[in-house]
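# Observations on the model geometry
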Amino acid sequence: MTYKLLAKRLTLADIIPVPRGVAELWMEPVRTLQPSLFDEEQTAEDIFAEYRVSVDEIDRWHKREWLSFDSKMTHLLQPERDELMFVRNLAHFGLSDAIITRMLSFLEKPYQYSPFDHAFCFAYGWVSAAPELDEETLWQLMESHFANYVQQKVSEQDTRALHRMRFLINSALTKLDEAKTETE
C-alpha cells in the first residue's frame, strides 16, 4: 500500500487508503469558533495556571505562530481555551518544535480545535472523533454497508467472521422469541 505524501493541508481525500466501511467515521478536524455563553469568569492567568503553562511558554508558542494570542491576554473564551490546551498537549508531548510546526501546518489557523475530539494519527494525519450516530443514521450506515461486508467476507472465504455474525443474529432472535413466549 502507498500513501500520498503530506505536502499540503490534509483532507479526507488524502487519507488513502481508508479502511473499507470506515470512511464515513473519519472526519476532518473542525475548529471551535463559537464562544460559549457560559464562559466562567476566570482570568487568563488562572487558566494558564490550571492548564499548567507558563507565560514564557505562551509567548514562545505565540512567537512560533502556534497560538493566536500572547500572555498579555486577560480573558480567554472557549475557542482560545481549546487552542491553548490543543497546543499545550502537542508542546508537552516531547516532540521537537520542527515536528510540531510541521504537524500544525496541515491545519487552519488559529488552532482552535477541541483537544478532546481531535488527534494526530501518524498513519492518516489529523482526525476527529466521529459524532455519535442517531438510530436512523446508524441504520442507514448499516443498511448501505452490511450486505457488501457480508459479500466481502464470502469472497474472502472468512467463515469465522460469517459464523460470528450468524451467532450474534441467532442469539438476538432467540432472545426475542423467548421474551415473546414469556409475555404470552
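Residues numbered from 1 in each chain as written. Predicted model: local features only at pLDDT ≥ 70, side-chain atom pairs only at ≥ 80, totals over all residues. Heavy atoms only, no water.

With that settled, the discussion passes to the pattern of salt bridges. Per the stated rule, a full pass over the model turns up five salt bridges. Asp 97 serves as the salt-bridge partner of Arg 60, at 2.7 Å between the closest nitrogen and oxygen. Linking Arg 60 in helix α2 (residues 55-63) with Asp 97 in helix α4 (residues 97-104), this pair joins segments that are 37 residues apart in sequence. In this structure Arg 60 comes out as partly exposed when scored by relative accessible area, which is 38%. Across the pair Lys 153 and Glu 156 runs a salt bridge, and its minimum N-O distance is 3.3 Å. Look at Lys 153 and you get buried, because its relative accessible area is 11%. By sharing partners, the salt bridges in this structure join Arg 60, Arg 64 and Asp 97 into a single network. (Salt bridge = Lys/Arg side-chain N within 4 Å of Asp/Glu carboxyl O. Helix = DSSP H or I, 4+ residues; strand = E, 2+ residues; numbered from the N terminus. Buried < 20%, exposed > 50% of the residue type's maximum accessible area, 1.4 Å probe, protein only.)

What follows deals with helix α3 (residues 78-91). Three- or four-residue spacings in an α-helix give side chains the same orientation, since the helix completes a turn every 3.6 residues. Its 14 residues give α3 an end-to-end C-alpha distance of 20 Å, which sits within 8% of 20 Å, the value for a rise of 1.5 Å per residue. Its buried side turned inward, α3 meets α1 (44-50), α2, α4, β1 (118-121) and β2 (125-128). (Expected span 1.5 Å × (residues − 1). Contact = heavy atoms within 4.5 Å.)

Further remarks concern the side chain of Arg 81. By the secondary structure assignment, Arg 81 is in helix α3. Reaching out from Arg 81, the side chain makes a polar contact with the backbone oxygen of Leu 76 at a distance of 3.1 Å. (Polar contact = N/O pair within 3.5 Å; in protein donor to acceptor, adjacent residues only side chain to side chain.)

Glycine aside, residues mostly have negative phi angles, and peptide bonds mostly take the trans form. Of the consecutive residues Lys 109 and Pro 110, the connecting peptide bond is found in the cis state with omega at -10 degrees. Mapped onto the elements, Pro 110 comes out in the loop between α4 and β1. Backbone geometry at Arg 52 places phi at a positive 60 degrees, although glycine is not the residue there. Among the structural elements, Arg 52 can be located in the loop between α1 and α2. Of note, the phi angle at Gln 157 is positive, near 55 degrees, even though the residue is not glycine. Tracing the backbone through its elements, the reader meets Gln 157 in the loop between α5 (135-155) and α6 (159-183). The exposed category is assigned to Gln 157, whose relative accessible area is 67%.

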